[in-house]
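Observations on the model geometry
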Amino acid sequence: RLIMNESLPLLGNVCEYNVECWCTYPDGRVELVDETHNLVVYKAQEIIVAAIAAGLTGSSDGFITKYRAGTTTNPTPPATGNSGLEDQVPFEKTMVKGNVSVSGTRVTFSLIMEKGEGNKSGSVNYTELGLFTPKGKMLARVLTSKPIPKTADLRLEWRWSVGY
């Protein structure tokens, strides 16, 4: 019998550096600008159970369909009790089916901010991201290792892997 309460805090550490941020500059150059790891939060238990039952219930509560990126200055480190980002008005985007891949026990999301997206005030610095269900439950949260600048002429792609 799998007891999620006992095993879940370890999930965030199963993947080594599992979140990468790649930046495409105006000259076409692509560069890895950040690597870090996420923390799977306790609410993930509800999401995992809903995903297991989704085929029978028809509920999408267990589906990860959105990501949010926040610009909080000096956010607190992720904790298992987190239920959202610290940024109260984060950039939010629905994931694209073609930007998700599954390999064995690992799923990788490509979270893409195109040029002109995610920089409402001209220039912002992203410091935190989260993976969310359609109803806003957070599966995992990550802090960037340094603020990631975003302007209208930059394209950012976070490659986020979650697995066992």
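Given the structure is predicted, the values throughout are model-derived calculations rather than measurements.

1. A closer look at the sheet that holds strand E2 (residues 30-36)
Strands sit in the order E2-E1-E10-E7-E6 across an open sheet of five strands; the sheet is antiparallel. If you trace the sheet from one side to the other, it starts and ends with E2 and strand E6 (100-103), each paired once. With direction set aside, neighbouring strand axes in the sheet form an average angle of 20°. The sheet contact formed by strand E1 (residues 19-24) and strand E10 (residues 155-163) spans six bridges and is antiparallel. Across the sheet, the residue bridging to Cys21 is Trp158, located in E10.

2. Comments concerning the packing of aromatic side chains
For the coordinates displayed, the defined rule picks out two aromatic pairs. A centroid spacing of 6.1 Å and a plane angle of 85° characterise the contact between Tyr126 and Trp158, whose relative ring orientation is edge-to-face. Of the two residues, Tyr126 sits in strand E8 (residues 123-132) while Trp158 sits in strand E10, which places them 32 residues apart along the sequence. One residue, Arg29, lies across the ring of Tyr25, its end atom 4.1 Å from the ring centre. Between the NZ or CZ atom of Arg68 and the centre of the ring of Phe132, over which it lies, the distance is 4.1 Å.

3. What about the confidence of the model for the protein chain?
When the pLDDT values of the protein chain are averaged, the result is 86; 90% of them are 70 or greater. The low-confidence segment residues 1-16, where pLDDT is below 50, has 30 contacts with residues more than four positions distant or belonging to other chains.

4. A word on the nonpolar core
If you look at the biggest cluster of nonpolar residues, it comprises 28 residues, and the most contacted ones within it are Tyr126, Leu131 and Trp158. Elements with a contribution of two residues or more to this core: E1, helix H2 (44-57), strand E4 (66-70), strand E7 (106-113), E8, strand E9 (138-151) and E10. Apart from residues lying up to four places away in sequence, Leu131 is in contact with Ile64, Lys66, Tyr67, Met95, Phe109, Leu111, Lys137, Met138, Leu139, Ala140, Trp160 and Val162.

5. Some thoughts on unusual backbone geometry
In the Ramachandran plot, Asn74 falls in the positive-phi region, its phi being about 50° despite a non-glycine side chain. With respect to the helices, strands and loops of the structure, Asn74 is situated in the loop between E4 and strand E5 (91-94). The class for Asn74 is exposed, based on a relative accessible area of 69%.

6. A word on the side chain of Asn82
Examined against the element boundaries, Asn82 turns out to sit in the loop between E4 and E5. At 2.8 Å, the side chain of Asn82 and the backbone nitrogen of Ala79 are in polar contact. Within the structure, the side chain of Asn82 is placed 2.9 Å from the side chain of Arg141, a separation counted as a polar contact.

7. Section: H2
The terminal C-alpha atoms of H2, which comprises 14 residues, lie 18 Å apart, in line with the 20 Å expected from a rise of 1.5 Å per residue. Taken together, the buried positions of H2 are Ala44, Gln45, Ile47, Ala50 and Ala54. Directly beyond the C-terminal end of H2, a positive phi value near 75° is found at Gly58.

Conventions and cut-offs
Residues numbered from 1 in each chain as written. Predicted model: local features only at pLDDT ≥ 70, side-chain atom pairs only at ≥ 80, totals over all residues. Heavy atoms only, no water. Pairing = 2+ DSSP bridges. Helix = DSSP H or I, 4+ residues; strand = E, 2+ residues; numbered from the N terminus. Axes fitted to C-alpha atoms, helices over the stretch in contact; angles between N-to-C directions. Phe/Tyr/Trp six-rings, centres within 6.5 Å; stacked < 30°, edge-to-face > 60°. Lys NZ or Arg CZ within 6 Å of the ring centre and 35° of its normal. pLDDT = per-residue confidence, 0-100. Contact = heavy atoms within 4.5 Å. Core = buried A, V, L, I, M, F, W, Y, C linked by side-chain atoms within 4.5 Å. Buried < 20%, exposed > 50% of the residue type's maximum accessible area, 1.4 Å probe, protein only. Polar contact = N/O pair within 3.5 Å; in protein donor to acceptor, adjacent residues only side chain to side chain. Expected span 1.5 Å × (residues − 1).

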